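Each chain, written out:
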Amino acid sequence: MTTATESASQPAPAPEEASAQPVHILWMNGGLGCDGDSVALTAATQPSIEEIALGALPGLPKIAVHWPLIDYECGPEQGADTFIEWWHKADRGELEPFVLVVEGSIPNEAIKPEGYWCGFGNNPETGQPMTTSEWLDRLAPKATCVLAVGTCATYGGIHAMSGNPTGAMGVPDYLGWDWRSKAGLPIVCVPGCPTHPDNLAETILYLLYQVAGQAPMIPLDEALRPTWLFGNTVHEGCDRAGYYEQGEFAREYDSPKCLVKLGCWGPVVKCNVPKRGWINGVGGCPNVGGICIACTMPGFPDKFMPFMDEPPGARVSTTASGLYGSVIRTLRGFTAKTADAEPKWRRKGPELLTGYHKTW
Ligand code: SF4
Ligand code: SF4
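Worth saying up front: this structure is predicted, and the values here are computed from it rather than measured.

Moving on, we get to the site of ligand 1. With respect to spatial proximity, the complete set of residues near ligand 1 consists of Val234, His235, Cys238, Arg240, Ala241, Cys258, Leu259, Val260, Cys264, Gly266, Pro267 and Pro286. Among the detected pockets, ligand 1 sits in the largest cavity. Looking at side-chain class alone, the shell around ligand 1 contains 9 nonpolar, 2 polar and 1 charged residues.

Next comes the structure, spelled out in structure tokens:
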């Protein structure tokens, strides 16, 4: 979607006009991926992508979103409404400022001399496809910030599994974990397979405010994830955590109890999905019966496989929780019985049984 009225064929703005120019968002989904993060973003509500793209939020800078999923500028190279021309403009230094969004993992083209793994548009000098990694080489130094979306772009994800042929990696693996943009921003990672819609929309919003000088440096953890979104574990926000504490574990999927014995990794995974819900506050993996498979973690999927087995350590902790939980359950049983009945003084009769001592 391009919200700016300018067309791709217009000349670059004069430097004095640059401040009036929109912040461009170049969304590159030419990596190894399934476009699931793009699809997920269409479900965001806090804020929605429409609210961001149309500038409906107070203080938001004017922006122009170049996103293959919904862009109407989809014409051919050198034709009318050329989508890829925005990327060439950025490469020529004619787009300022811009945020580079990367979706999909980056294959290792150095191991593929006879061809290429993935690309995006053509190189105007050669007429040959431009690889995703070449786009990164060209645009990352010119971007105000680089946002990696989804676990493929952040850490490699499923494409980077043991035994894969492409040597796929995440953007921080490719550019370097200590990489900084020309504006001094680290790579910002919003992992998830796919990423949570609102986590992604909220991070885009934060970065736009930061680019506009209205927000402090985005706080990130050691895996470059926004701390306010990934600072807690799935377990800490799970609807089923009470069952875990009471040592009550599901043995099959039609149970409301804790799913750890069915393979849930929630106790060690950083993700706010159960707390936040998936769409508009509804859903969130374990809340609705799905084990957490740790899709936001840098070690996903290899370090968490095979899925659906009890995670290592869970046996010890659930045994302890089972013992502790049976005591807690018994005590809570007494309390629940008491709390579920009316106080004994609430009855008819000549006596006041409330414990009040008359002063008359
Ligand atoms: S289902 Fe998973 S996240 Fe929820 S309480 Fe059990 S172990 Fe924790
Ligand atoms: S709860 Fe687990 S499986 Fe679900 S999105 Fe979060 S990390 Fe991924």
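What follows covers helix H4 (residues 132-139). With respect to burial, H4 is a largely interior element, 6 of its 8 residues being buried. Of the positions making up H4, those classed as buried are Thr132, Ser133, Trp135, Leu136, Arg138 and Leu139. In this structure, the buried side of H4 is in contact with strand S1 (23-28), helix H3 (85-91), strand S3 (98-103), strand S4 (119-122), strand S5 (129-131) and helix H6 (171-175).

Splitting the chain by domain gives domain 1 (17-230) and domain 2 (232-338). Domain 1 and domain 2 are separated by 33 Å when their C-alpha centres are compared. Between domain 1 and domain 2, the buried area comes to about 1700 Å², and carbon and sulfur atoms account for 55% of it. If you sort the residues of domain 1 by the area they bury against domain 2, Met161, His196 and Phe230 come out on top, with a joint share of 29%. Where domain 1 packs against domain 2, one counts 2 salt bridges. Glutamate 222 is paired through a salt bridge with lysine 270; the nearest N and O atoms lie 3.4 Å apart. Applying the counting criterion to the domain 1 and domain 2 interface returns 9 residue pairs in polar contact (both at pLDDT 80 or more). Breaking the side of domain 1 that touches domain 2 down by element, the ones donating at least two residues are helix H5 (150-155), helix H7 (197-211) and helix H8 (227-230). Taken together, the residues that form the side of domain 1 that touches domain 2 break down as 12 nonpolar, 9 polar and 5 charged.

Attention now goes to a nonpolar patch on the surface. A cluster of nonpolar side chains, Val39, Leu69 and Ile70, forms an exposed patch at the surface whose accessible area comes to about 230 Å². Take valine 39: it is sitting in helix H1 (residues 36-41). With relative accessibility at 48%, the residue valine 39 sits in the partly exposed group.

A few words now on the pattern of salt bridges. A full pass over the atoms with the stated rule returns 14 salt bridges. Its salt-bridge partner being lysine 142, residue aspartate 91 comes within 3.3 Å of it at the nearest N-O pair. Taken together, the residues aspartate 91 in helix H3 and lysine 142 in the loop between H4 and strand S6 (145-149) connect sequence positions 51 residues apart. For glutamate 134, the salt bridge identified is with arginine 138, shortest N-O distance 2.9 Å. Placement of both glutamate 134 and arginine 138 in helix H4 is noted, with a separation of 4 residues, approximately one turn of the helix. One connected set of salt bridges, linked through shared partners, spans Asp91, Glu134, Arg138 and Lys142.

A word on the sheet that holds strand S2 (residues 63-66). Reading across from one edge, S2-S1-S3-S6-S7 is the order of the 5 strands in this open sheet, with parallel pairing throughout. Two strands in the sheet have a free side with no partner beyond their single neighbour: S2 and strand S7 (188-190). Going across the sheet, the axis of each strand differs from the next one's by a mean of 20°, ignoring polarity. Relative to S7, S6 is paired through 3 bridges, and the arrangement is parallel. Its bridge partner being in S7, leucine 147 is matched across the sheet by valine 188.

So, about the UniProt feature "binding site: [4Fe-4S] cluster 1" (unreviewed entry) in the chain. The feature "binding site: [4Fe-4S] cluster 1" (unreviewed entry), as given by UniProt, occupies Cys34, Cys152 and Cys193 in the numbering adopted here. The largest pairwise C-alpha distance within this set of annotated residues, which runs over 160 residues, is 9.8 Å, so the set is compact in three dimensions. Given the relative accessible area of 68%, cysteine 34 is considered exposed. Counting through the fold element by element, cysteine 152 comes out in helix H5. Discounting residues that sit within four places of it in the chain, cysteine 152 has contacts with Leu32, Gly104, Ser105, Gly157, His159, Met169 and Gly170.

Let us look at the packing of aromatic side chains. Aromatic ring pairs are reported here in terms of the distance separating the ring centres and the angle at which the planes meet. What the rule picks out here adds up to 9 aromatic pairs. Residues tyrosine 244 and phenylalanine 249 carry aromatic rings whose centres are separated by 5.8 Å and whose planes lie at 85° to one another, so their mutual orientation is edge-to-face. According to the relative accessible area criterion, tyrosine 244 is buried, its value standing at 14%. According to the relative accessible area criterion, phenylalanine 249 is buried, its value standing at 12%. Pairwise contacts between aromatic rings join Phe83, Trp87 and Phe120 into one cluster. The ring of tryptophan 117 has lysine 112 lying over it, and the distance from NZ or CZ to the ring centre is 4.6 Å.

Definitions and limits used
Residues numbered from 1 in each chain as written. Chains lettered and ligands numbered in written order. Predicted model: local features only at pLDDT ≥ 70, side-chain atom pairs only at ≥ 80, totals over all residues. Heavy atoms only, no water. Near = heavy atom within 4 Å. 1 Å grid on protein atoms, 1.4 Å probe; cavity = no way out; pocket = protein on both sides within 12 Å on 5 of 7 lines; lining within 4 Å. Sits in = over half its atoms within 2 Å of the grid points. Nonpolar A, V, L, I, M, F, W, Y, C, P; charged D, E, K, R; others polar. Buried < 20%, exposed > 50% of the residue type's maximum accessible area, 1.4 Å probe, protein only. Helix = DSSP H or I, 4+ residues; strand = E, 2+ residues; numbered from the N terminus. Contact = heavy atoms within 4.5 Å. Domains from an automatic or database assignment. Buried area = accessible area lost by both parts, 1.4 Å probe. Salt bridge = Lys/Arg side-chain N within 4 Å of Asp/Glu carboxyl O. Polar contact = N/O pair within 3.5 Å; in protein donor to acceptor, adjacent residues only side chain to side chain. Patch = residues over 30% accessible without salt bridge, like charges linked within 9 Å, V, L, I, M, F, W, Y side chains within 5 Å. Areas by Shrake-Rupley, 256 points an atom, 1.4 Å probe, with all protein chains shown as cover. Pairing = 2+ DSSP bridges. Axes fitted to C-alpha atoms, helices over the stretch in contact; angles between N-to-C directions. UniProt positions renumbered as here; feature names shortened; annotations may be inferred. Phe/Tyr/Trp six-rings, centres within 6.5 Å; stacked < 30°, edge-to-face > 60°. Lys NZ or Arg CZ within 6 Å of the ring centre and 35° of its normal.

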